[in-house]
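# Observations on chain architecture
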Number of protein chains: 2
Amino acid sequence: MRVAVDAMGGDYAPREVVRGAVEAINKLGIEVILVGDQEIVGRELSGLDYDRGKLTVVHSSQVIGMNEHPALALRKKKDSSIVVATGLVKAGEAQAVVSCGNTGAQMAAGVFVLGTVAGVERPAIAANIPLRSGQNTILLDIGANVDCKPRQLVQFALMGSAYASVVNGSSQPSVGMLSNGEEESKGNQAVLEAHAMLKKETGINFIGNVEGRDIFVGKSEVVVCDGFVGNVVLKAVEGFMGLLMDTLKEALSPEVLRLLKSFDYNQVGGAPLLGVNGVSIVCHGSSKAQTVTNGVKAAVQCVENDMVGKLKRALGVD
Amino acid sequence: MRVAVDAMGGDYAPREVVRGAVEAINKLGIEVILVGDQEIVGRELSGLDYDRGKLTVVHSSQVIGMNEHPALALRKKKDSSIVVATGLVKAGEAQAVVSCGNTGAQMAAGVFVLGTVAGVERPAIAANIPLRSGQNTILLDIGANVDCKPRQLVQFALMGSAYASVVNGSSQPSVGMLSNGEEESKGNQAVLEAHAMLKKETGINFIGNVEGRDIFVGKSEVVVCDGFVGNVVLKAVEGFMGLLMDTLKEALSPEVLRLLKSFDYNQVGGAPLLGVNGVSIVCHGSSKAQTVTNGVKAAVQCVENDMVGKLKRALGVD
């Protein structure tokens, strides 16, 4: 098992990314290819302790910045770390790619380099939100797929179901449609239509609408929404968490603060890009080493459990 | 100042509603009209301590249940507590109405009994979210206005600005459009178009897009979204809060738990229905007495600061 890690992407790249990748080698026993400026990456590696046989550096001369326009950047920067890293998956040199860089560029690289699975109109990004021990919610799309058509939401549901079966080992994960009420009559036009389509879909355990609070209650294993809603919801919870931490930090013991931080979902790490022909794991831009290691772990889980194969079967294209 | 309170609406009605209303009389020195079954309300009042001259009970023989279809229920139940209470505002017997009952029915009663302000296509419900001391965010719409047209989002922005000036005393409250990124290019179609329209709008301090986290950071005094997104976001934070409380309660001191509960926004109470010809305050269905008192307080603030007049001027219809 070999995972390509984009060493140059992210707010704390390359230092934290390199450390996280090395930690993944040490902890998971897998091989890693670090993609980035050879000299810079080499400098970050010096002094770190790891099995030299399990790490390769592949040089790339360019980096796509966090705020660059994804499609334009992709066209101009053929030798950027995310494009080269994704190319390693395409070429079979690596089984997965992990990046904390520009998410739009990572999505675009997934689509253009790996290609989309037949029938998938738009790849989605799925967050794996840990709840209480042993429970989690898969929320998708948290990418930038705004104004989704009902059939795209249905594809998200099928892809999310496949991913939940990889993560939780469930054979028929429960899937809910995020809406402004539990009743079938609640929802915007796209949600209402997708709901009707999902009711007729066989091979998926659709339980109907779920509400915002259900994401954290674990009412369904998968929660489906468009990327606008998914982005706003996750960032709102992030902001709320920040407000709580600011207000409470003086009053809390270090132990409770640590417990509280385990709910900082952005730092958990490892949201797969679903619907492309390969495993591409998106980490938050502000990831530190631990999150990168978690991202590599998520990549390994997807590869070992044939996530792409399961997804194709769920979509009926295999 | 006289406020009509729907004594029969809400999960804990009439007991908690009656207690909250009595507390409002005692604390705020205002008059209250309790609307509901005279016998039941009378029974709840017995034994409570308050100035008899400041409380009237107006009988209504019907109640609209929490899960009834609003428009249908309104047509059938002309003598329901929410319709009668809203009618008291229309007749000038009360200056505001407060309810913890079926929100859709309260909205429908607002529209059909009070009428909408000229030019308002859809009334919106605005949550007043307290942040750190002395700071708050007005989030709207949190009602059920799904699939909003851009011009409706613009109206929400203008109405929210008027409400913020009432609550915060600001002359030009900052207004942000909730989106999946700060950049002007981010958003779904309705948000992109509303953004463009708001940029041209004079008489509003529009600061551009804000993100989910900014709701709790207080980047803008007002945050505008459609009712689908507003509902999902507030309920997601409610669910996240519940998860935190469940996980942390054993580890927290009673003092910190109390502090944490002050962020339970649903219990803060008092979201006005904006865009109808009168003051109608929506409280969460699970409100206890304290929330009802807060709802009456919000009503008094709206009346004393001429919220409806400010709103009309903001919309340019006065």
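Rules of the game
- Residues numbered from 1 in each chain as written.
- Chains lettered and ligands numbered in written order.
- Predicted model: local features only at pLDDT ≥ 70, side-chain atom pairs only at ≥ 80, totals over all residues.
- Heavy atoms only, no water.
- Helix = DSSP H or I, 4+ residues; strand = E, 2+ residues; numbered from the N terminus.
- Rg over C-alpha atoms; globule rule 2.2 N^0.38 Å.
- Buried < 20%, exposed > 50% of the residue type's maximum accessible area, 1.4 Å probe, protein only.
- Contact = heavy atoms within 4.5 Å.
- Areas by Shrake-Rupley, 256 points an atom, 1.4 Å probe, with all protein chains shown as cover.
- Lys, Arg positive; Asp, Glu negative; His and termini not counted.
- Charge placed at Lys NZ, Arg CZ, Asp CG, Glu CD.
- Phe/Tyr/Trp six-rings, centres within 6.5 Å; stacked < 30°, edge-to-face > 60°.
- Lys NZ or Arg CZ within 6 Å of the ring centre and 35° of its normal.
- Buried area = accessible area lost by both parts, 1.4 Å probe.
- Salt bridge = Lys/Arg side-chain N within 4 Å of Asp/Glu carboxyl O.
- Polar contact = N/O pair within 3.5 Å; in protein donor to acceptor, adjacent residues only side chain to side chain.
- Domains from an automatic or database assignment.

Our next topic: the overall build of chain A. Along the backbone of chain A there are 12 helices and 11 strands. A compact globule built from 318 residues should have a C-alpha radius of gyration of about 20 Å, and chain A, at 19 Å, falls within 12% of that. Dimensions of chain A, computed from the C-alpha atoms along their principal axes, are close to 60 × 55 × 35 Å. Per-residue burial over chain A gives 58% buried out of 318 residues. At a minimum sequence separation of 6, the contacts of chain A that also span at least 24 residues come to 69%. Accessible surface, chain A: about 12200 Å² in total, of which carbon and sulfur atoms supply 48%. With 30 positive and 33 negative side-chain charges, chain A shows a spacing of 2 Å between the two charge centroids.

Once that is clear, we can look at the packing of aromatic side chains. Applying the stated rule across the entire model yields 3 aromatic pairs over all chains. On the basis of an interplanar angle of 65° and a centroid distance of 5.4 Å, the ring pair of Phe 240 of chain A and Phe 216 of chain B is categorised as edge-to-face. Here Phe 216 of chain B lies in the loop between strand S8 (205-210) and strand S9 (222-224) and Phe 240 of chain A lies in helix H9 (residues 227-248), a pairing that spans two chains. Taken together, a centroid distance of 6.4 Å and an interplanar angle of 75° make the contact between Phe 240 of chain A and Phe 240 of chain B edge-to-face. Of this pair, Phe 240 of chain A sits in helix H9 while Phe 240 of chain B sits in helix H8 (residues 227-248), placing the two residues on different chains. An identical accessibility class is assigned to Phe 240 of chain A and Phe 240 of chain B; each is buried. The ring of Tyr 12 of chain A carries the charged tip of Lys 288 of chain A above its face, separated from the ring centre by 4.8 Å.

What follows is about unusual backbone geometry. Each neighbour pair has its own omega, and for Ala 13 of chain A with Pro 14 of chain A the value is 0°, a cis peptide bond. Along the chain, the position of Pro 14 of chain A falls in the loop between strand S1 (2-6) and helix H1 (15-28). The backbone of Asp 147 of chain B shows a phi angle near 50°, a positive value even though the residue is not glycine. Position of Asp 147 of chain B among the secondary structure elements: in the loop between strand S6 (136-140) and helix H6 (150-168).

Moving on: the interface of chain A and chain B. Contacts between the two partners involve 43 residues from chain A and, on the opposite side, 43 residues from chain B. In this assembly, chain A packs against chain B so that about 4000 Å² is buried in total across both faces, 73% of it on carbon and sulfur atoms. Looking only at chain A, the three residues that lose the most surface to chain B are Phe 228, Phe 240 and Leu 243 of chain A, adding up to 18% of its buried area. The tally of links between chain A and chain B comes to 4 salt bridges. Close ionic contact of Arg 213 of chain A with Glu 238 of chain B constitutes a salt bridge, the shortest N to O distance being 3.2 Å. Counting across the chain A and chain B interface gives 8 residue pairs in polar contact (both at pLDDT 80 or more). For the side of chain A that touches chain B, the elements supplying multiple residues, two or more each, are helix H7 (189-200), helix H8 (214-217), H9 and helix H10 (254-261) of chain A. Among the elements that line the side of chain A that touches chain B, the one with the most residues is H9 of chain A, at 17 residues.

Let us look at the domain arrangement of chain A. All names here are of chain A. Each domain of chain A was delimited in the assignment, giving domain 1 (1-120 + 275-318) and domain 2 (128-266). The gap between the C-alpha centroids of domain 1 and domain 2 is 24 Å. Counting from both sides, the interface comprises 14 residues of domain 1 and, opposite them, 11 residues of domain 2. Of the roughly 1100 Å² buried at the junction of domain 1 and domain 2 (both faces included), carbon and sulfur atoms supply 70%. The interface formed by domain 1 and domain 2 contains 1 residue pair in polar contact (both at pLDDT 80 or more). Elements that contribute at least two residues to the side of domain 1 that touches domain 2 include exactly helix H11 (289-304) and helix H12 (307-315). In terms of residues, the side of domain 1 that touches domain 2 owes the most to one element, H12, which gives 5 residues.

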